[in-house]
Amino acid sequence: MLGAAVAVLALEAGIGMPQASAAAGEAASSGALTAVVVNTPPAQPALADLTMSPGSVCQTEPVRINRLPQLSATLSDPDGGRIGAQFAVSWPDATGKLVRQWWSTGAEDAPPPSGWFEGSGSVFTEPPPPAPIPQGTTAGWEVRAWDGVAWGPWSSAGTSTRCRFAWKTATLADPKVTSADYPGSTDLFGSQPWTIGVGRYGAITVGSDSSDVVTYRWGFDTSAGIHEVATRKGEPRTIRVLPTTEGGHFLSVRAFDAYGNGSRPVTYRFNVLQGQPERASWALDEGSGVAEAAGSGGSYPLNLGGHAALGAAGHSGTALSLTNEDSYAESQGAALDLQEGFTVSAWAKVDDLSHSRTVLSQAGTYNSGVVLGYDASSGKWALRLPTTDDSGASVVASASDAPVVPGRWTHLVGMYDAGDKTATLYVDGTAAPAASVTAFNARGNLEIGRQWNGGAWAEPWSGAIDDVRVWDRAVSAAQVTRLHTTGSVTTRLPAKVVWSLDDATGRPETQSVTFHGGVETGQPGYTGKAAVFDGAAGYGDTSREVVNTARSFSVGAWVKLADTSGDHAALSQSGHTDGAYTLGYDHERKAWVFRLPAQDADGADAQAVYSTVPVDAGEWNHLLGVYDATAGQITLYVNGQAGPPVAASSAWQATGGLQLGRTLHQGGYRDYWKGALDDVRLFDRVVTAPEAQKLAAPKPPSVAGRWMLNSAPDGVTPDASPAKLGATLSGGARIDGDQWVVGDFNGINADGQEEPDGGLVLDGVDGYAATAASPLDTTQSFTVAGWVGMPTGMPDCPEGKALADCDMTVLSLQGNGEHPYNSVFTLRWHVMGRGDAENAPWGVWQVEMPDRDAPGAVRAVATHSFGFGGFGPWTHLAVVYDAARDQLRLYVDGQLQNSPDAVSTVDGVKPFAGTGGLQFGRNWSEGVAGEYFAGPIDDVWVYQGVLSDVKIRVLSSSADFPTETGP
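What you see is a predicted model, and the numbers here were worked out from it, not measured in a lab.

Caption draft 1: How the structure looks around the overall build of the chain. A count of helices and strands for the chain gives four helices and 73 strands. Against the 2.2 N^0.38 benchmark of 30 Å for 967 residues, the chain shows a C-alpha radius of gyration of 40 Å, more extended than a compact globule. For the C-alpha atoms alone, the extent of the chain along its principal axes is close to 130 × 110 × 60 Å. When each of the 967 residues of the chain is scored for burial, the buried share is 52%. A separation of at least 24 residues holds for 68% of the contacts in the chain among residues at least 6 apart in sequence. Of the roughly 39,200 Å² that the chain leaves accessible, carbon and sulfur atoms contribute 50%.

Caption draft 2: Representation of the packing of aromatic side chains within the structure. With the rule as written, the count across this model stands at 26 aromatic pairs. An angle of 55 degrees between the planes, with centres 6.3 Å apart, marks the rings of tyrosine 768 and tyrosine 932 as tilted. Taken together, the positions of tyrosine 768 in strand β61 (residues 768–771) and tyrosine 932 in the loop between β72 (928–930) and β73 (934–944) put the pair 164 residues apart, joining distant regions of the chain. Take tyrosine 932: its relative accessible area is 19%, and that puts it in the buried class. On the numbers, 5.9 Å between centres and 10 degrees between planes, the contact of tryptophan 941 with tyrosine 943 is stacked. Its relative accessible area of 2% is what places tryptophan 941 among the buried residues. Relative accessible area serves as the criterion here: at 4%, tyrosine 943 is assigned to the buried category. The ring of tryptophan 151 has arginine 144 lying over it, and the distance from NZ or CZ to the ring centre is 3.8 Å. A cation over a ring is seen here: arginine 450 above tryptophan 457, with NZ or CZ 3.5 Å from the ring centre.

Caption draft 3: View of the nonpolar core. Counting residues in each nonpolar core, the largest one holds 46 residues, and the members touching the most others are Trp845 and Phe920. Here this core gets five residues from one element, more than from any other, and that element is strand β64 (residues 823–833). Formed by 42 residues, the second largest nonpolar core is a distinct cluster that contains Leu336, Val350, Ala423 and Trp461.

Caption draft 4: Region of the structure containing the pattern of salt bridges. Per the stated rule, a full pass over the model turns up 38 salt bridges. Residue arginine 237 pairs with glutamate 235 through a salt bridge whose shortest N-O separation is 3.6 Å. We note a salt bridge from arginine 450 to glutamate 447, for which the minimum N-O separation is 3.0 Å. Neither arginine 450 nor glutamate 447 differs from the other in exposure class; each is buried. Salt bridges here are not isolated pairs; linked through shared partners, they connect Arg200, Arg279, Asp472, Lys496 and Asp684.

Caption draft 5: Examining the UniProt feature "domain: LamG-like jellyroll fold" (unreviewed entry) in the chain more closely. In this structure's numbering, the residues bearing the UniProt feature "domain: LamG-like jellyroll fold" (unreviewed entry) are residues 340–478, 551–690 and 780–950. Each end of residues 340–478 is marked by a C-alpha atom, and these two atoms are 21 Å apart; helix forms 1% of the span and strand 52%. Across residues 551–690, the secondary structure splits into 1% helix and 53% strand, with the terminal C-alpha atoms separated by 21 Å.

Caption draft 6: Quick look at unusual backbone geometry. The omega torsion of the bond from serine 53 to proline 54 falls at 0 degrees, within 30 degrees of zero and hence cis. Relative to the assigned elements, proline 54 resides in the loop between β1 (50–53) and β2 (63–65). Phi at lysine 421 takes a positive value of approximately 60 degrees, unusual for a residue other than glycine. Within the fold, lysine 421 resides in the loop between β29 (410–417) and β30 (422–427). The phi torsion at aspartate 467 lies on the positive side, around 50 degrees, for a residue other than glycine. A relative accessible area of 16% places aspartate 467 in the buried class.

Caption draft 7: Representation of helix α2 (residues 477–486) in the model. Taken together, the buried positions of α2 are occupied by Gln479, Val480 and Leu483. Each buried residue of α2 sits inside an arc of 105 degrees when the element is viewed along its axis, so together they form one side. Every exposed residue of α2 that faces more than 90 degrees away from the buried side is listed here: Ala478 and Thr485. Where α2 is buried, its residues contact β24 (342–350), β29, β30 and β36 (463–471). Phi turns positive, to about 85 degrees, at glycine 487, one or two residues after α2.

Caption draft 8: Focus on the sheet that holds strand β58 (residues 727–730). Taken in spatial order, the eight strands line up as β57-β58-β61-β70-β63-β64-β65-β66 in an open sheet, and their pairing is antiparallel. Across the chains shown, the open sheet's two edge strands, defined by having one partner strand only, are β57 (716–717) and β66 (859–865).

Caption draft 9: How the structure looks around the state of the cysteines. Under the defined criterion, the tally for this structure stands at two disulfides. Covalent S-S linkage joins cysteine 58 and cysteine 163, the inter-sulfur distance amounting to 2.0 Å. Negative torsions about the S-S bond denote left-handed disulfides, and the value of about -110 degrees found for cysteine 58 with cysteine 163 makes this one left-handed. Here cysteine 58 is found in the loop between β1 and β2, whereas its partner cysteine 163 is found in strand β8 (residues 163–167), with 105 residues between them in sequence. Both residues of the pair, cysteine 58 and cysteine 163, count as buried. Sequence-ordered numbering of the bonded cysteines in the chain gives a pairing of 1-2, 3-4.

Caption draft 10: Structural detail: the environment of tryptophan 218. Checked against the element boundaries, tryptophan 218 lands in strand β13 (residues 213–220). Overall, the relative accessible area of 12% leaves tryptophan 218 in the buried class. Each C-alpha atom, one on tryptophan 218 and one on glycine 668, is 49 Å from the other, the two residues being 450 residues apart in sequence. If near-sequence neighbours (up to four positions away) are discounted, tryptophan 218 is found in contact with Ser223, Ala224, Gly225, Ile226, His227, Glu228, Val229, Ile239, Val241, Leu251, Ser252 and Val253.

Caption draft 11: A look at the pairing of strand β12 (residues 202–207). For β12, a buried count of five out of six residues is recorded, marking the element as mostly surrounded by other parts of the structure. For strand β9 (residues 176–178) and β12, the ladder comprises three bridges, and the chain directions are antiparallel. Across the sheet, the residue bridging to lysine 176 is glycine 207, located in β12.

Caption draft 12: Layout of the sheet that holds strand β7 (residues 138–146). Judged by pairing direction, the sheet is mixed, and its five strands sit side by side in the order β2-β8-β7-β4-β5 without closing on themselves. Edge positions in the sheet fall to β2 and β5 (98–102), since each of these pairs with one other strand and no more. Averaged over all neighbouring strand pairs, the angle between strand axes comes to 30 degrees, with direction disregarded. Of the pairings in the sheet, the one linking β2 to β8 comprises three bridges and is parallel in character. Its bridge partner lying in β8, valine 63 is registered against phenylalanine 165.

Caption draft 13: Inspection of the environment of valine 880 at higher detail. The residue valine 880 is located in strand β67 (residues 874–882) in this model. Take valine 880: its relative accessible area is 0%, and that puts it in the buried class. For the pair valine 880 and glutamate 325, spaced 555 residues apart in sequence, the C-alpha separation works out to 61 Å. Leaving out residues up to four positions away in the same chain, valine 880 has contacts with Phe782, Thr783, Gln887, Leu888, Arg889, Tyr891, Val946, Leu947 and Ile952.

Caption draft 14: Broad picture of empty space enclosed by the protein. Across all of its chains, the model carries four cavities of 30 Å³ or more by this definition. There is about 60 Å³ of room inside the largest cavity. Arg279, Ala280, Trp282, Pro494, Pro508, Glu509, Thr510, Gln511, Glu545 and Val546 together form the lining of the largest cavity. Residue composition of the lining of the largest cavity, grouped by class: five nonpolar, two polar and three charged.

Definitions and limits used
- Throughout, a residue's number is its position along its own chain's written sequence, starting from 1.
- The predicted nature of this model means local features are confined to residues of pLDDT at least 70 and side-chain atom pairs, given and counted, to a pLDDT of 80 or more, with totals for whole chains, interfaces and linings taken over all residues.
- Processing note: side-chain calculations cover all non-hydrogen atoms of the structure and skip hydrogens and water entirely.
- A helix here means a DSSP run of H or I that spans at least four residues, while a strand means a run of E at least two residues long, and both kinds are numbered starting from the N terminus.
- Atoms counted for the radius of gyration: C-alpha only. Globule rule: 2.2 Å times residue count to the power 0.38.
- Here's how the labels work: a residue is buried when its accessible area is under 20% of the maximum for its type, exposed when over 50%, partly exposed in between, all with a 1.4 Å probe on protein chains only.
- By definition, residues are in contact when any of their heavy atoms lie within 4.5 Å.
- Only the protein chains shown count as cover for residues, and the accessible areas themselves come from Shrake-Rupley with a 1.4 Å probe.
- Ring geometry is summarised as follows: Phe, Tyr and Trp rings, the Trp one being its six-membered ring, pair when their centres sit within 6.5 Å, and such pairs are stacked at plane angles under 30 degrees, edge-to-face over 60 and tilted between the two.
- A ring has a charge above it when a Lys NZ or an Arg CZ is no more than 6 Å from the ring centre and no more than 35 degrees off the ring normal.
- Only buried residues count toward a nonpolar core. Its members are Ala, Val, Leu, Ile, Met, Phe, Trp, Tyr and Cys residues joined through side-chain atoms within 4.5 Å.
- For salt bridges, the criterion is a side-chain nitrogen of Lys or Arg within 4 Å of an Asp or Glu carboxyl oxygen.
- UniProt positions are given in the numbering used here, feature names are shortened, and annotations may be inferred rather than shown by experiment.
- Directions are taken from the helix axis to each C-beta atom, and the arc is the one they span.
- For two strands to be treated as a pair, DSSP must find no fewer than two bridges joining them.
- Note on terminology: disulfide denotes any pair of cysteine sulfur atoms within 2.5 Å.
- Only the stretch in contact is used when fitting a helix axis, every axis being a line fitted to C-alpha atoms; angles between N-to-C directions are given from 0 to 180 degrees.
- Cavity means a closed set of points on a 1 Å grid over the protein atoms alone, one where a 1.4 Å probe fits but cannot get out, pocket means an open set with protein on both sides within 12 Å along at least 5 of 7 lines, and lining means a residue has an atom within 4 Å of a point.
- Grid points are joined across faces, edges and corners, and a volume is the space filled by probe spheres set on the points.
- Under the grouping applied here, Gly and all other residues not named as nonpolar or charged are polar, the nonpolar ones being Ala, Val, Leu, Ile, Met, Phe, Trp, Tyr, Cys and Pro and the charged ones Asp, Glu, Lys and Arg.

Given below as structure tokens:
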């Protein structure tokens, strides 16, 4: 091979192929041995590596944008060398001829200069093209790489394609926003009436006068853009929102065309009233041994206007008198969802038939959705339903031929069947011909004695009205007859609201819960008393359904489960084969559950949502199950905290009664509750997250004991609380009138009784005081607080004595009342080091809580560094056990601590139930009493419940508070 001609490629950035060929020829003629260099052209760019902004990754269909884009491409060279990029764009002109421009280099055969080269794999970016690409025209772009010797293929070569886009700028009209459900305004100072809404979905309509609009982007109580809904040519679209809190709300909307041009944001503001109250509730506060628990419901007060007056002679009792043109009564917000079907009834006595008169209506934005009363044009009693909530509405009526007699009480019932779309009037139990009509959903107030017509009040009643009732369902003809003759409907879903008009407040028609089998009433509850079920045969039920389970509803209660070895149903409502829902405990999942069978049949699919928090027997928890029919989902709240919702696409109406403590499954009752139930509530709507948190709010702490420690008549220092659980002094314990911190020197204690100031002084040897029994349920939240004094400074631990033997207990609570082993908690001074010539003794305040009253207990400990406060040798200590958070907290002078020196909170704490007395100055540990305190103690408070940080700080101020009111 010596002397053979070999081709050489001189590869130099910026040198073209002809020069490289010439160099190769010269090298060959010289006869020198030269290495062969082979060049591979750059790779074809992948479409996935091409992007534009605004826009997206390369698309074969045109991406519509509102300005010319910046282009980016990731390019590579198989040889790994440096490369440059060339971008091209093309589009058809007005004649259809393709116009092409070399975006970055100016001409197709002009390579990029070497100064633009980047390493293989780099991203190359070009600014928007300067070419006059017509707006609305589809253009395509492509890119290729140059390595200084050869061009790589265009990105569009072969089976590939160009990346397409179209651009256009536009000024779009502001969106139009309206709502009959939530009347409001886009004008900050426009009319924004208050409408019932918390827990109720409402429709808001958005539209645009710009025909190019294809999307509305919106946000509820936030900026536009969180959500979007597609449209066509700016056509109106409906957005459904669910307000979760009372007060002002807003919907922010922007309209966009296909190119991304957006309108100005428009903000629609409206006001929402609080949600409708519970449909039914049972406090379960009855005494021991009762067979029934009385039900109740939320209140619906009426506002009386003009000359409206209660107290007139009524059909039964007294009635509402409306004798002037300005007289009326109205609810606060809508009582009915008219589109779902309804029945309204009243006894009416009319005095003047010269004009049309309205007994009852429910207002919309422009018209009332239903009008029950007298129609002067026909001279008849009539149930009238306008067809729309605007000026173009026609009125459909069901009118009776029954005579209208002034001065006589007449029973009127108006019924709308949402399934058949028919409205029927009954006069004194007799039906008039039904009328075909579709009700619109008027969301204004329920009006008694007038109607809203054409944007003005009309048809004032003249006479008296009594016993107004409304149902959120269509009642049957037989039920109307019974209502007329007996004054009640005793089957199916009770009335939503009854206004007797003996006063101005309406309430749901209520039912009692009847107890069967092993149920004990009058037992300690979360609030007041509770019912305890035996888990075998004990249950309670109502005779009729409580909520329509095919619509949105919420059901909740405070529960305390005694057994986690099986399934347990706290609440359900029976169908024919299954319960429509079950709120309870699932032992396989070891979780709380809210379950909805998909149908009332054997083998129905279970739609269920489970809790994620641990379930502990013997603890009170608040459970709330929510079915949202609009969203098609169920949510379970445990102590006010929601887990992720679960889809529930099927729901059905259960016509059986409410069940407390069991559920119906495949035709038989099972899963009997073992434990306590308290404060049962059902709502015929979605309960929102803020409302759920309020329902589950911890009950306010109550004083369970208060020892001022001013005196000890007959050796017992009195308890100023209603419990009157005095503490007996023993050993070296005494009351000292010179060692106290809470008092005012006047000989009158905080409760106004004659008693000198004083404190409990203990000798550190065998002195202590103790109550005969526990003032607390230690399995529930509690707070213990008091003052402790160290007159001589930090106590020292003598040489020869173990540091642990020098600990001193301020307060504790004995575990077993008869055979003590451990204290439920111990609040102590814990010695950490002895003093010497150079160092003072030191230690920390400590609270300890073992998990059992037996050997092998695990002891949770929280500590707080010692420090004198603003009261000389006195320090204020407070211990809080928060059962909802399983947390133990220690406050010193009103403060928590979280530092490298000490942490005064500990989580995951579960105390055992203590039945022994509160101990002042000693504790029990492993069957031995010890840790006797040396020094004074003053003003000890015990609360059942969590005392707030603020109130603990107030207690630590040394002020002397009356026992009844506390801090």
